[in-house]
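# Observations on the three-dimensional arrangement
Below are the chains, spelled out letter by letter.
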Amino acid sequence: MSVEKAPFGKLTDGREVDLYTLTNENAMCVRITNFGGIIVSIEVPDRDGKMADVALGFDSIEGYENTHPYFGALVGRCGNRIAKAKFTLDGKTYTLAANNDVNHLHGGLKGFDKAVWAAEKIEEANAVGLKLQYTSVDGEEGYPGTLKCTVEYRLTNENELKIEYFAETDKPTPVNLTNHSYFNLKGQGEGTILDHVVYLNAKRFTPIDETFIPTGELRAVAGTPMDFTTPTAIGARIHADDEQLKNGKGYDHNFVLDGDGLSLVARVEEKTTGRVLEAYTMEPGVQFYVGNFLDGTLTGKDGKVYEQRYGFCLETQHFPDSPNHPDFPSIVLKPGEQYHTETVYKFSAE
Ligand code: GLA
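This structure is a prediction, so every number in the text was calculated from the model and none was measured. (Residues numbered from 1 in each chain as written. Predicted model: local features only at pLDDT ≥ 70, side-chain atom pairs only at ≥ 80, totals over all residues. Heavy atoms only, no water.)

Turning our attention to the overall build of the protein. Tallying secondary structure elements over the protein gives 2 helices and 29 strands in all. For 350 residues, the compact-globule estimate of 2.2 N^0.38 gives 20 Å, and the protein sits close to it at 19 Å. Taking the principal axes of its C-alpha atoms as reference, the protein extends roughly 60 × 50 × 40 Å. Looking at the protein as a whole, 59% of its 350 residues are labelled buried. Contacts in the protein between residues at least 24 apart in sequence constitute 66% of all its contacts with a sequence separation of at least 6. When the accessible surface of the protein is totalled, it reaches about 13,500 Å², and 48% of it is carbon and sulfur. Of note, the protein has its 34 positive side-chain charges centred 1 Å away from the centre of its 52 negative side-chain charges. (Helix = DSSP H or I, 4+ residues; strand = E, 2+ residues; numbered from the N terminus. Rg over C-alpha atoms; globule rule 2.2 N^0.38 Å. Buried < 20%, exposed > 50% of the residue type's maximum accessible area, 1.4 Å probe, protein only. Contact = heavy atoms within 4.5 Å. Areas by Shrake-Rupley, 256 points an atom, 1.4 Å probe, with all protein chains shown as cover. Lys, Arg positive; Asp, Glu negative; His and termini not counted. Charge placed at Lys NZ, Arg CZ, Asp CG, Glu CD.)

Structure (structure tokens):
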């Protein structure tokens with residue numbers, strides 16, 4: 001096992017950022033930059049031991065510094081949308097950056113995905129990794145309180161990529177951290193993910209309006225194209241005449257997870273390579289997004305063009321727009337409390 005550091009280039013403001021290569025005993029390899037805590041690549045074997053990079057992204061720092069749809073990024077202070085970029089906390093109304101029409105998305109104009117994180121290597125008996133730290137100042141993107149965040153990535157010899165998130169604040173503030181990796185188990189740029197077979201551990205989801213904001217309802221998936229409690233190809237029902245698929249332009253919904261503690265979120269299988277991805281989380285929800293907004297305008301690693309639905313995301317999280325839905329599990333972190341959550345992406349082949 002090893003973790004190695006190399007320069008990844010210079011930002012337009014002159015700051016230099018690095019690329020860390022984590023390799024385990026099975027030659028599984030994950031590359032992470034301290035710019036945005038972005039997972040740049042994930043190389044895993046197929047059923048014949050053939051390696052492929054299953055994460056969408058860019059070869060160089062420029063791609064990540066430009067506007068892009070959060071490939072591999074650490075997302076914060078709040079992942080997902082906050083309606084009309086406003087919320088009220090302890091009687092005070094806060095206005096956030098509106099960067100998704102009238103709504104706030106994934107932390108705003110300069111979210112955690114655009115921050116330079118302090119990085120330290122992790123070297124343990126069964127894992128190598130990276131400890132990243134970032135302090136978000138009081139008022140950043142409109143959020144109250146100074147938030148000190150630590151994210152620890154670990155690659156284990158069980159081919160797991162573990163992500164642990166920690167945070168502390170000096171004023172009450174909403175916090176909802178996630179990772180926005182896009183996966184394609186055939187290999188990045190190798191076609192659509194519509195043939196990937198998905199199981200989701202969720203009997204309910206949060207329906208959305210035309211602006212992708214939850215209506216507040218927790219609706220049963222049974223009898224609808226949102227039902228992945230039986231493994232089903234992503235593309236099997238994506239064109240069904242269904243209000244929710246129309247509102248989301250495909251699957252772009254938060255599912256209410258049925259697990260408790262660190263438990264199974266999803267199992268995704270790609271039959272031609274045999275690659276399997278299982279996700280586990282402590283979070284109550286997952287945004288299942290299937291790259292509906294990818295449109296062939298972005299060229300990623302190795303010159304691969306990312307067409308619509310060339311990647312899927314499993315963004316583990318609390319529910320979208322939680323600050324405006326008192327019935328949803330709260331995302332408010334208070335001084336003296338420790339935010340801690342964990343998500344695991346485990347790769348295998350069969
Ligand atoms: C999230 C959102 C999507 C989209 C992507 C980024 O998954 O739910 O609607 O904004 O991020 O393109």
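To continue, consider the site of the ligand. Near the ligand you find Pro 69, Tyr 70, Arg 81, Leu 105, His 106, His 180, Tyr 182, Asp 252, Gln 287, Tyr 289, Phe 293 and Glu 315, and these make up its full shell. The separation between an oxygen atom of the ligand and a polar side-chain atom of Gln 287 is 3.3 Å. Contact with the protein chains hides 94% of the accessible area of the ligand, taken as 300 Å² for the molecule alone. Under a 2 Å grid-point criterion requiring more than half of the atoms, the pocket assigned to the ligand is the largest pocket. A class-by-class count of the residues in the shell around the ligand yields 6 nonpolar, 3 polar and 3 charged. (Near = heavy atom within 4 Å. Polar contact = N/O pair within 3.5 Å; in protein donor to acceptor, adjacent residues only side chain to side chain. 1 Å grid on protein atoms, 1.4 Å probe; cavity = no way out; pocket = protein on both sides within 12 Å on 5 of 7 lines; lining within 4 Å. Sits in = over half its atoms within 2 Å of the grid points. Nonpolar A, V, L, I, M, F, W, Y, C, P; charged D, E, K, R; others polar.)

Tallied over the full model, the rule gives 22 aromatic pairs. Here the aromatic rings of Phe 183 and Phe 312 are separated by 5.7 Å at their centres, their planes lie at 45°, and the arrangement is tilted. Here Phe 183, found in the loop between strand S16 (178-179) and strand S17 (197-200), pairs with Phe 312, found in the loop between strand S26 (305-306) and strand S27 (313-317); they are 129 residues apart in sequence, far enough to count as distant. Comparing Phe 183 with Phe 312, the two get one shared label, buried. Aromatic side chains Phe 205 and Phe 255 sit 6.2 Å apart centroid to centroid with 35° between the ring planes, which places their arrangement in the tilted category. (Phe/Tyr/Trp six-rings, centres within 6.5 Å; stacked < 30°, edge-to-face > 60°.)

On to the sheet that holds strand S22 (residues 263-269), then. The strand order across the open sheet built from 9 strands is S11-S12-S13-S14-S29-S23-S22-S17-S20, with neighbouring strands paired in antiparallel fashion. Of all strands in the sheet, those bounded by a partner on one side alone are strand S11 (118-123) and strand S20 (232-233). (Pairing = 2+ DSSP bridges.)

On to the sheet that holds strand S5 (residues 51-53). Sheets are built from strands that pair by backbone hydrogen bonding, the pairs being arranged parallel or antiparallel. One open sheet holds the 5 strands; their spatial order is S1-S2-S3-S4-S5, and the pairing between them is antiparallel. Two strands bound the open sheet, and with one partner strand each, they are strand S1 (2-10) and S5. Strand-to-strand, the axes of this sheet are offset by a mean angle of 15°, without reference to chain direction. By the bridge criterion, 8 bridges tie S1 to strand S2 (residues 16-23) in an arrangement that is antiparallel. Pairing of Glu 4 across the sheet is with Thr 21, part of S2. (Axes fitted to C-alpha atoms, helices over the stretch in contact; angles between N-to-C directions.)

When charged atoms on two side chains of opposite charge get close, those side chains can pair. One pass over the full model with this rule turns up 18 salt bridges. The partner of Lys 186 in a salt bridge is Asp 195, with the nearest N and O atoms 2.9 Å apart. The shortest N-O distance in the salt bridge between Glu 350 and Arg 267 comes to 3.2 Å. Here Glu 350 is found in the segment after strand S29 (339-349), whereas its partner Arg 267 is found in strand S22, with 83 residues between them in sequence. Judged by relative accessible area, which is 25%, Arg 267 ranks as partly exposed. The network of salt bridges with common partners includes Arg 267, Glu 269, Lys 271, Glu 278 and Glu 350. (Salt bridge = Lys/Arg side-chain N within 4 Å of Asp/Glu carboxyl O.)

This next bit is on the side chain of Glu 160. Inspection of the secondary structure assignment puts Glu 160 in strand S14 (residues 160-169). A polar contact of 2.8 Å, which involves the side chain of Glu 160, links it to the side chain of Thr 156. Leaving out residues up to four positions away in the same chain, Glu 160 has contacts with Arg 154, Leu 155, Val 344, Tyr 345 and Lys 346.

The next subject is the layout of surface pockets. There is about 570 Å³ of room inside the largest pocket. Along its surface, the largest pocket is lined by 27 residues, and His 68, Pro 69, Tyr 70, Leu 105 and His 106 are the ones closest to its centre. Taken together, the residues of the lining of the largest pocket sort by class into 10 nonpolar, 11 polar and 6 charged. In this structure, the second largest pocket occupies an estimated 210 Å³ of space. Counting residues per element, the ones that place at least two in the lining of the second largest pocket are strand S4 (39-45) and S5. (Points joined across faces, edges and corners; volume = space filled by probe spheres on them.)

Before going further, it helps to examine the environment of Val 17. Secondary-structure assignment places Val 17 in strand S2. Among the residues examined, Val 17 registers a relative accessible area of 0% and is labelled buried. A C-alpha to C-alpha distance of 20 Å links Val 17 and Leu 109, two positions 92 residues apart in sequence. Val 17 has contacts with Pro 7, Phe 8, Gly 9, Leu 11, Thr 33, Asn 34, Phe 35, Ile 61 and Val 116, leaving out every residue within four places of it along the chain.

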